[in-house]
Amino acid sequence: MFDSDAIKNEFILFLKEKLHFNDSEIYIDSDKAISNTNKYLIKEFLKQKKEGVPLDYILNSSKFYEYEFFVDSRVLIPRPETEILVDYVNNHFSSPIKVLDAGTGSGCIGISVALQNPSFQVYGSESSEVALNVASINKNNLNVENFLLICADWLSCFKTKTFDLVLSNPPYIADQDPHLEDLKHEPKKALVAKDSGLGDLKLIIEQSTKVLKKGGMLILEHGCEQENEVGNILKENNFLDIKNFKDFQNLPRITLATLE
Ligand code: GLN
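Being a predicted model, the structure only gives us computed values, none of them experimental.

Undergrad: Quick question: what am I supposed to make of the overall build of the protein chain here?
TA: Along the backbone of the protein chain there are 9 helices and 9 strands. Over its C-alpha trace the protein chain gives a radius of gyration of 20 Å, about what one expects of a compact globule, namely 18 Å for 260 residues. Dimensions of the protein chain along its principal axes, counting C-alpha atoms only, are 65 × 40 × 30 Å. When the 260 residues of the protein chain are sorted by exposure, 48% land in the buried category.

In structure tokens form, the structure reads like this:
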């Protein structure tokens, strides 16, 4: 479906951000000659919108927390509800701690936590080499010194009792979920997990019991129908004080727990 108001707003953003048009060129001087390069870029924009490509990929830019992240189809587009994780960390931790953002993708969680808390030592693990390239662009663009990228499957490469805090927004959608059709431009590896979407959440919880220090905290984003299952897996793995948070739409999307 083509929502003409939405496309119009996105087109205006595209003209401003990508082609650097100013307001008078868009709204007043609209018969201004358009260069051949810009004509080509406008045609490409319309073609991509017809195919349903998200605007953030077209602009190669996504706003998350207070920052602008480079994004392309190698990584998931950061979502506003994920900012709740960063908010929680900012409001509950202050002394210098060691933090892991497991499956960092664009780096949005780890980099935002690192920038907001310069005394923290933040690591971002990522198994996709192409996603790691994007995270590294963001680390450089945003000049983050206390954020280190590691090519690894979740928490597999870290020594026992390394971290005070593990954060993750892993893939949690089941293979056959119809919502995937709306997400077809984003990397499947960042969205889909085995075991009805719980496979990676399970792995992260199990591996966290090794790499977290005693009393360390795990904070996970998950699907709005996975609250109970995630809580049970945490219990089975000796986590205590399990709490769930709702997202901006009042859906139970974030669970945190402390290691016994
Ligand atoms: N941590 C990244 C984000 O929240 C990547 C998430 C993912 O690829 N599942 O955007």
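Having seen the model, we can carry on.
Undergrad: What is the right way to look at the site of the ligand in this model?
TA: As a structural note, the neighbourhood of the ligand is formed by Leu76, Thr82, Gly103, Thr104, Gly105, Cys108, Ile109, Asn169, Pro170, Pro171 and Ala190. Between a nitrogen atom of the ligand and a main-chain N or O atom of threonine 104, the distance comes to 3.4 Å. Asparagine 169 has a polar side-chain atom sitting 2.8 Å from an oxygen atom of the ligand. Isolated, the ligand exposes 290 Å² of accessible area, and the fraction of that covered by the protein chains is 96%. Its residues placed into classes, the shell around the ligand shows 6 nonpolar, 5 polar and no charged.

Undergrad: What am I meant to see in the sheet that holds strand 8 (residues 239–246) here?
TA: With mixed pairing, the 7 strands of this open sheet are ordered in space as 5-4-3-6-7-9-8. Two strands close off the open sheet at either side, each with one partner strand: strand 5 (147–151) and strand 8. Strand-to-strand twist of the sheet, defined as the mean angle between neighbouring strand axes without regard to direction, takes the value 20°. Strand direction decides the pairing type here: strand 8 and strand 9 (residues 252–259), joined by 6 bridges, are antiparallel. Of the residues in strand 9, the one forming a bridge with phenylalanine 239 is leucine 259. On the sheet, helix 7 (residues 129–141) packs against strand 4 (121–126) and strand 5 and is oriented at approximately 170° with respect to strand 5.

Undergrad: Help me out: how do you make sense of the state of the cysteines in this one?
TA: Any covalent bond linking the sulfur atoms of two cysteines counts as a disulfide. All chains considered together, the criterion is met by 0 disulfides. Here cysteine 108 is not disulfide-linked; the sulfur of cysteine 151 is the nearest cysteine sulfur, at 18 Å. Assessed through its relative accessible area of 9%, cysteine 108 is described here as buried. Note on cysteine 224: no disulfide assigned, nearest cysteine sulfur contributed by cysteine 108 at a separation of 19 Å.

About the cut-offs
- Residues numbered from 1 in each chain as written.
- Predicted model: local features only at pLDDT ≥ 70, side-chain atom pairs only at ≥ 80, totals over all residues.
- Heavy atoms only, no water.
- Helix = DSSP H or I, 4+ residues; strand = E, 2+ residues; numbered from the N terminus.
- Rg over C-alpha atoms; globule rule 2.2 N^0.38 Å.
- Buried < 20%, exposed > 50% of the residue type's maximum accessible area, 1.4 Å probe, protein only.
- Near = heavy atom within 4 Å.
- Polar contact = N/O pair within 3.5 Å; in protein donor to acceptor, adjacent residues only side chain to side chain.
- Areas by Shrake-Rupley, 256 points an atom, 1.4 Å probe, with all protein chains shown as cover.
- Nonpolar A, V, L, I, M, F, W, Y, C, P; charged D, E, K, R; others polar.
- Pairing = 2+ DSSP bridges.
- Axes fitted to C-alpha atoms, helices over the stretch in contact; angles between N-to-C directions.
- Contact = heavy atoms within 4.5 Å.
- Disulfide = S-S within 2.5 Å.

All we've got here are geometric facts, nothing functional implied.
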